[in-house]
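Results of the structural survey
Each chain is listed here by its residues.
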Amino acid sequence: MAQSPRTKRVTKSVRQIRDAEVTQQQILDAAEVEFAKHGLHGARLSAIATRAKITTAMIHYYFDNKEGLYKAVLQRPIDEVHSMVNQLELDYLPPKDALKQVIRTAIAYEAKNLHRQMLWFQEASQNQGLYFKQANVSSLHKYLLNILERGMVEGCFRTLDPFLALTHILSVCIFYFTVQENWKHLTPEVDRLSSEMVEQHTQAAIEFILAAVRKTP
């Protein structure tokens, strides 16, 4: 049965939306690599376009300019983590189990997106956190801060400075990946990014962090 003109228009519109979304993701993927390597000031739109296999005109069409693209690149991981953590329903878990889930999620995310920490390093180095502040990263901290505060109220966590504890917890989870490019030369026989080694890191991090925050008799 032949499609009506209206059906054809709707189908074409849906396809155009999907194509636009795919193109934007290609641009963001390419830009993320370039910004992680060179930062906002060193990255070139021409290199991003080449990597994404599109024209620089397409970048301007979707993101206006390099700064707009940079902001979108920084915002993407924030939005992704929000979506992931919201699905965990942490408020319905005991603090200890909720903390385990956050640790496991944080490490799995870093293992999947190895160069994203370099984005934040470049941002701190080049811009002193100007765009970091605009990305509202602190909105992600509320999940872990709430768990720590709830654990202290319920008596299963010792008295903590929540923000300092958050800093230490994230360091335990993420530093493993931040130093990988240097430390791989210390133990070249070990693939520390293999699924087995990442799981070992995850288990060790959970045990280490829970031991650190647990309230002892």
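No experiment lies behind these values; they were computed from the predicted model shown. (Residues numbered from 1 in each chain as written. Predicted model: local features only at pLDDT ≥ 70, side-chain atom pairs only at ≥ 80, totals over all residues. Heavy atoms only, no water.)

A closer look at unusual backbone geometry
Of note in this structure, D64 is not a glycine but carries a positive phi near 70°. For E89, which is not glycine, the phi dihedral falls at a positive 50°. Within the element layout of this structure, E89 appears in the loop between α4 (66–86) and α5 (95–112). (Helix = DSSP H or I, 4+ residues; strand = E, 2+ residues; numbered from the N terminus.)

Focus: the nonpolar core
Membership of the largest hydrophobic core comes to 55 residues, with the highest contact counts inside it found for F35, I48, I59, L69, L99, I103 and C173. Beyond its immediate stretch of four places on either side in the chain, L69 contacts I27, L28, A31, F35, L45, I48, I59 and F63. (Core = buried A, V, L, I, M, F, W, Y, C linked by side-chain atoms within 4.5 Å. Buried < 20%, exposed > 50% of the residue type's maximum accessible area, 1.4 Å probe, protein only. Contact = heavy atoms within 4.5 Å.)

As for the UniProt feature "DNA-binding region" (unreviewed entry) in the protein chain
Per the UniProt record, "DNA-binding region" (unreviewed entry) is annotated on residues 44–63. Counting secondary structure, residues 44–63 comes out at 80% helix and 0% strand; the distance between its end C-alpha atoms is 14 Å. (UniProt positions renumbered as here; feature names shortened; annotations may be inferred.)

Some details on the packing of aromatic side chains
Applying the stated criterion across every chain yields a total of 6 aromatic pairs. Geometrically, the ring pair formed by F175 and W183 is edge-to-face, given 5.8 Å between the ring centres and 85° between the ring planes. W183 sits in the partly exposed class, given a relative accessible area of 47%. Between Y176 and F177 the ring centres are 5.1 Å apart and the planes differ by 75°, which places this aromatic pair in the edge-to-face class. Relative accessible area serves as the criterion here: at 6%, F177 is assigned to the buried category. Site record: aromatic cluster; members linked through ring pairs are F35, Y70 and Y131. Taking NZ or CZ as reference, K142 lies 5.5 Å from the ring centre of Y143, over its face. (Phe/Tyr/Trp six-rings, centres within 6.5 Å; stacked < 30°, edge-to-face > 60°. Lys NZ or Arg CZ within 6 Å of the ring centre and 35° of its normal.)

Here's the deal with the pattern of salt bridges
Following the criterion strictly, the structure yields 8 salt bridges and no others. Linking R76 and D29 is a salt bridge whose minimum nitrogen-to-oxygen distance equals 2.9 Å. Here D29 lies in helix α1 (residues 5–42) and R76 lies in helix α4, a separation of 47 residues in the sequence. Classification of R76 as buried rests on a relative accessible area of 9%. Classification of D29 as partly exposed rests on a relative accessible area of 41%. A salt bridge links E80 to R116; the nearest nitrogen and oxygen atoms lie 2.7 Å apart. Here E80 is found in helix α4, whereas its partner R116 is found in helix α6 (residues 116–127), with 36 residues between them in sequence. E80 sits in the partly exposed class, given a relative accessible area of 28%. Judged by its relative accessible area of 5%, R116 falls in the buried class. Here the salt bridges do not stand alone but share partners, grouping D29, E32, R76, E80 and R116 into one network. (Salt bridge = Lys/Arg side-chain N within 4 Å of Asp/Glu carboxyl O.)

As for the UniProt feature "domain: HTH tetR-type" (unreviewed entry) in the protein chain
The UniProt feature table records "domain: HTH tetR-type" (unreviewed entry) at residues 21–81. The span residues 21–81 is 89% helical and 0% strand by assignment, and the distance between its end C-alpha atoms comes to 19 Å.

Considerations on the packing of α5 against helix α8 (residues 138–154)
Contact geometry for α5 and α8: axes closest at 9 Å, N-to-C directions at 155°. Between α5 and α8, the crossing angle belongs to the class labelled roughly antiparallel. Seen along the crossing, α5 lies across α8 with a hand that is left-handed. The segment α5 lies against α8, with P95, A98, L99 and V102 engaging L144, I147, R150, G151 and E154. Looking at the contact of α5 with α8, its residues break down into 6 nonpolar, 1 polar and 2 charged. (Axes fitted to C-alpha atoms, helices over the stretch in contact; angles between N-to-C directions. Parallel < 35°, antiparallel > 145°, perpendicular 65-115°, else oblique. Left-handed = near helix turned anticlockwise from the far one by under 90°. Nonpolar A, V, L, I, M, F, W, Y, C, P; charged D, E, K, R; others polar.)

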